[in-house]
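Analysis of the macromolecular model
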Amino acid sequence: MDVRIEPSWREELKEEFEKEYFKKLTEEIRGEYLKGKVFPPPNQIFRAFEMTPFDKVKVVILGQDPYHGDNQANGLCFAVSKGVRLPPSLKNIYKELESDLGIKPKEMGDLEEWAKQGVLLLNATLTVKAHQAGSHQKKGWEEFTDAAIKVLSCKREKLVFILWGNYAQKKGEVIDTTKNHLILKSPHPSPFSAHSGFFGSAPFSKTNLFLEMNGEKGIDWVGIRPLNK
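Residue positions are given per chain, counting from 1 as you read along its sequence in written order. With pLDDT at 70 or above as the cut-off, local features in this predicted model cover only qualifying residues; side-chain atom pairs require 80 or more to be listed or tallied, and sums for whole chains, interfaces and linings still use all residues. Hydrogen atoms and water are omitted, and side-chain values are computed over all heavy atoms in the structure.

1. Let's talk about the environment of phenylalanine 54
Inclusion rule: Put simply, DSSP H or I for four residues or longer makes a helix, DSSP E for two residues or longer makes a strand, and each gets a number counted from the N terminus. Partly exposed residues are those whose accessible area sits between 20% and 50% of the maximum for their type, while under 20% is buried and over 50% is exposed, using a 1.4 Å probe and protein chains only. Contacts are assigned to residue pairs that have any heavy atoms within 4.5 Å of one another.
Here phenylalanine 54 is to be found in the loop between helix H4 (47-51) and strand S2 (59-63). Judged by its relative accessible area of 7%, phenylalanine 54 falls in the buried class. Separated by 97 residues in sequence, phenylalanine 54 and valine 151 place their C-alpha atoms 9.5 Å apart. Once residues lying within four places of it in the same chain are set aside, the contact partners of phenylalanine 54 are Glu6, Ser8, Trp9, Glu12, Val151, Leu152, Lys155 and Arg156.

Okay, here's the thing in structure tokens:
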């Protein structure tokens with residue numbers, strides 16, 4: 001099956017593309033796009049993989065579903081398209097970034113600068129019906145993204161996995177813990193849970209400290225900040 005995905009990921013996940021669940025998944029999702037509005041746009045379904053090739057990954061942040069509002073989802077978890085108002089969870093991520101590193105981000109939600117530096121912003125489910133949260137769960141996407149996490153955690157060493165909330169932590173159970181990865185867990189940045197331990201968890205500084213201790217360049221989280229005037 002010819003899947004339009006970044007070449008290094010296509011090679012690593014080639015066995016998944018031939019499995020029956022994936023064939024059924026692609027047919028069903030193709031039909032959903034033909035019948036009605038689905039997010040993100042088709043050319044952004046695999047954007048997280050496109051922007052962060054397999055051998056460039058340093059950090060993995062796991063989300064659950066794409067945003068289901070108009071013009072929000074762009075293929076990167078927690079991110080929204082340029083010009084779109086920031087969702088509450090992303091606002092809280094930015095608040096923690098400012099608290100952790102003294103960085104005050106601008107009002108822009110496309111996290112592509114993080115992705116370009118090696119932050120894989122991966123949702124468990126890669127598509128969703130418009131205005132129907134969770135509508136494409138349990139169709140096969142979770143099995144596919146589990147496979148991506150497994151192969152990444154097995155073949156790479158000393159990566160950082162950031163697991164915000166119970167869902168991400170449950171999904172993170174497939175991570176190969178023998179490869180000296182750093183696994184950071186905290187409550188979800190949602191307004192319903194951020195004050196229960198997300199705020200103050202300092203994931204950004206902890207990530208960079210770990211990367212630098214292992215000979216890697218830290219992430220320039222400042223990349224989303226406007227230049228000082």
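Structure shown, so let's carry the discussion forward.
2. A word on the environment of alanine 168
Inspection of the secondary structure puts alanine 168 in helix H8 (residues 165-171). Its relative accessible area of 4% is what places alanine 168 among the buried residues. When the C-alpha atoms of alanine 168 and asparagine 123 are compared, they prove to be 9.3 Å apart, with 45 residues separating the residues in sequence. Leaving out residues up to four positions away in the same chain, alanine 168 has contacts with Leu62 and Leu163.

3. Focus on the sheet that holds strand S5 (residues 160-164)
Stated formally: Here, strands pair whenever DSSP counts at least two bridges between them. In this analysis, axes come from line fits to C-alpha atoms, helices being fitted only over the stretch in contact, and the angle between any two N-to-C directions falls in the range 0 to 180 degrees.
Reading across the sheet, the four strands line up as S3-S2-S5-S6 and stay open at both edges, with parallel pairing between neighbours. Unpaired on one side and paired on the other, strand S3 (119-123) and strand S6 (182-186) mark the two borders of the sheet. Strand-to-strand twist across the sheet, computed as the mean angle between neighbouring axes with direction ignored, equals 20°. The pairing of S2 with S5 spans four bridges and is parallel. Across the sheet, isoleucine 61 pairs through a bridge with isoleucine 162, a residue of S5. Against the sheet, helix H7 (residues 141-155) touches S2, S3 and S5, its axis set at about 155° to S3.

4. Things to note about the packing of aromatic side chains
The test is simple: Centres within 6.5 Å make a pair out of two Phe, Tyr or Trp rings, where for Trp the six-membered ring is used; the pair is then stacked when the planes are under 30 degrees apart, edge-to-face when over 60, and tilted otherwise.
All chains considered together, the criterion is met by 17 aromatic pairs. Arranged with centres 5.2 Å apart and planes meeting at 40°, the rings of phenylalanine 22 and phenylalanine 144 form a pair that is tilted. Taken together, the residues phenylalanine 22 in helix H3 (residues 20-35) and phenylalanine 144 in helix H7 connect sequence positions 122 residues apart. Judged by relative accessible area, which is 0%, phenylalanine 22 ranks as buried. Between the aromatic rings of tryptophan 141 and phenylalanine 144, the centroid separation amounts to 6.1 Å while the plane-to-plane angle is 65°, which identifies the pairing as edge-to-face. Within this pair, tryptophan 141 and its partner phenylalanine 144 are both found in helix H7, separated by three residues, close to a single helical turn. On the accessibility criterion, tryptophan 141 (3% relative accessible area) is buried.

Fair warning: the whole summary comes from geometry, so function is off the table for now.
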